[in-house]
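As a plain string of letters, each chain reads:
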Amino acid sequence: MVLGELGSRISGAIQRLNTATVIDDKALTICVNEITHALLQADVQFKLVQALSSNVRKSVEKLAAGHDKRHIIQKAVFHELRAMLDAGKPSFTPTKGRTNVVMLVGLQGCGKTTTCTKYALHYRKKGFNPALVCADTFRAGAFDQLKQNATKVKIPFYGSYTETDPVVIAQEGVRKFADAKHDLIILDTSGRHKQENALFEEMRQLAAATNPDLIIFVMDSSIGQAANDQALAFRESAKVGAVIITKIDGHAKGGGALSAVAATKSPIIFLGTGEKADAFETFESKAFVSRLLG
Ligand code: GDP
């Protein structure tokens, strides 16, 4: 089920309330169950779905006759989904007049390297002078990819073909660009195909060596129910302060995004909407939930 499908199933469930002569407990249960199933199929975590359905129920149960229950249920679902996306605190955002260091972490293939350039371009448009550092020595070709992306959009970059220690590269890159008065230094880190201790240890070392202002967890939106565990694992090894969800242009179901916020207790700041460097949107929870609901 892709993003809009969830919406049509939820609105379908609410529409069916229409056909019930009275919206009694039975009709409400059927409706809430349908919504629950739709959310679970969209990869929203079970625990979150349970909380949502119980809150939606509460919002209508005590209503006297005469209220438009359909409308209230719809509003309650919207409200609950938005609340799930609210991390309760804003993310760090780069400020001018100082060196901002931002480190991106995530599994291999999640879109980290692509996102580094997108993030840099976003802030260049706002008047920043960004630079990229490739601290990924694990994947052959990682530096070439970053170099190619950065060259295309004329953003300075740093990396090495010979140094095998990512910490050394990260420190040198950050020092070099800080000396050159770049106000936004973006650190691309390595990934692995799966969650491995070696990866998390590397993230810990990189963070300790470069002391980033912000660590962004980059997550592929198509990973589904695995989102929760993955986000938790990254949060344990790195002080994640924000989330970027990639590939929402694909077959994303969207539910993983909710899990990532819940697990990292960090806000989503951007969405990756395609392979091109400008396929990047500032995250807005209202628009996202509307999209999720079709
Ligand atoms: P990394 O291993 O995490 O650095 O991932 P890459 O940046 O190399 O991206 C892996 C693949 O995903 C590449 O083919 C990218 O072009 C693609 N990709 C990254 N972000 C997006 C996105 O938002 N949408 C789509 N459709 N593809 C993306």
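Residues numbered from 1 in each chain as written. Predicted model: local features only at pLDDT ≥ 70, side-chain atom pairs only at ≥ 80, totals over all residues. Heavy atoms only, no water.

Enquirer: Sorry, what's going on with the nonpolar core here?
Expert: General note: in soluble globular proteins, nonpolar side chains tend to be found buried as a group. Ranked by size, the top nonpolar core spans 69 residues in total, and within it Ile10, Ile35, Leu39, Ile73, Leu81, Ile245 and Ile268 carry the most contacts. For this core, the element with the most residues is helix α2 (residues 25-41), which contributes seven residues. With sequence-adjacent residues up to four places away left out, Ile245 is seen in contact with Met219, Ser221, Ala257, Ala260, Ile268, Phe270, Leu271 and Gly272. Leu104, Cys116, Leu146 and Ile216 belong to the second largest nonpolar core, which has 27 residues in total. (Core = buried A, V, L, I, M, F, W, Y, C linked by side-chain atoms within 4.5 Å. Buried < 20%, exposed > 50% of the residue type's maximum accessible area, 1.4 Å probe, protein only. Helix = DSSP H or I, 4+ residues; strand = E, 2+ residues; numbered from the N terminus. Contact = heavy atoms within 4.5 Å.)

Enquirer: Would you mind showing me how to read the site of the ligand here?
Expert: The local shell around the ligand holds 17 residues, among which Gly109, Thr113, Thr114, Asp249 and Glu275 are the closest. At 3.5 Å from an oxygen atom of the ligand is found a side-chain nitrogen or oxygen belonging to Lys118. Here the ligand loses 81% of its free accessible area of 580 Å² to cover by the protein chains. In terms of residue count, helix α5 (residues 112-125) provides more of the shell around the ligand than any other element does, four residues in total. Here the shell around the ligand is built from residues that sort into two nonpolar, nine polar and six charged. (Near = heavy atom within 4 Å. Polar contact = N/O pair within 3.5 Å; in protein donor to acceptor, adjacent residues only side chain to side chain. Areas by Shrake-Rupley, 256 points an atom, 1.4 Å probe, with all protein chains shown as cover. Nonpolar A, V, L, I, M, F, W, Y, C, P; charged D, E, K, R; others polar.)

Enquirer: Any chance you could explain the packing of helix α7 (residues 166-179) against helix α8 (residues 197-210) here in plain terms?
Expert: The description of two helices packed together rests on the angle between their axes and the distance between the axes. In the contact formed by α7 and α8, the axes pass within 9 Å of each other and the chain directions differ by 30 degrees. In terms of axis orientation, α7 runs roughly parallel to α8. Viewed along their axes, α7 and α8 form a crossing whose handedness is right-handed. Between α7, through Pro166, Val167, Ala170, Gln171 and Val174, and α8, the contact on the second element is made entirely by Glu202, Gln205, Leu206, Ala209 and Thr210. Here the contact of α7 with α8 is composed, by residue class, of six nonpolar, three polar and one charged. (Axes fitted to C-alpha atoms, helices over the stretch in contact; angles between N-to-C directions. Parallel < 35°, antiparallel > 145°, perpendicular 65-115°, else oblique. Left-handed = near helix turned anticlockwise from the far one by under 90°.)

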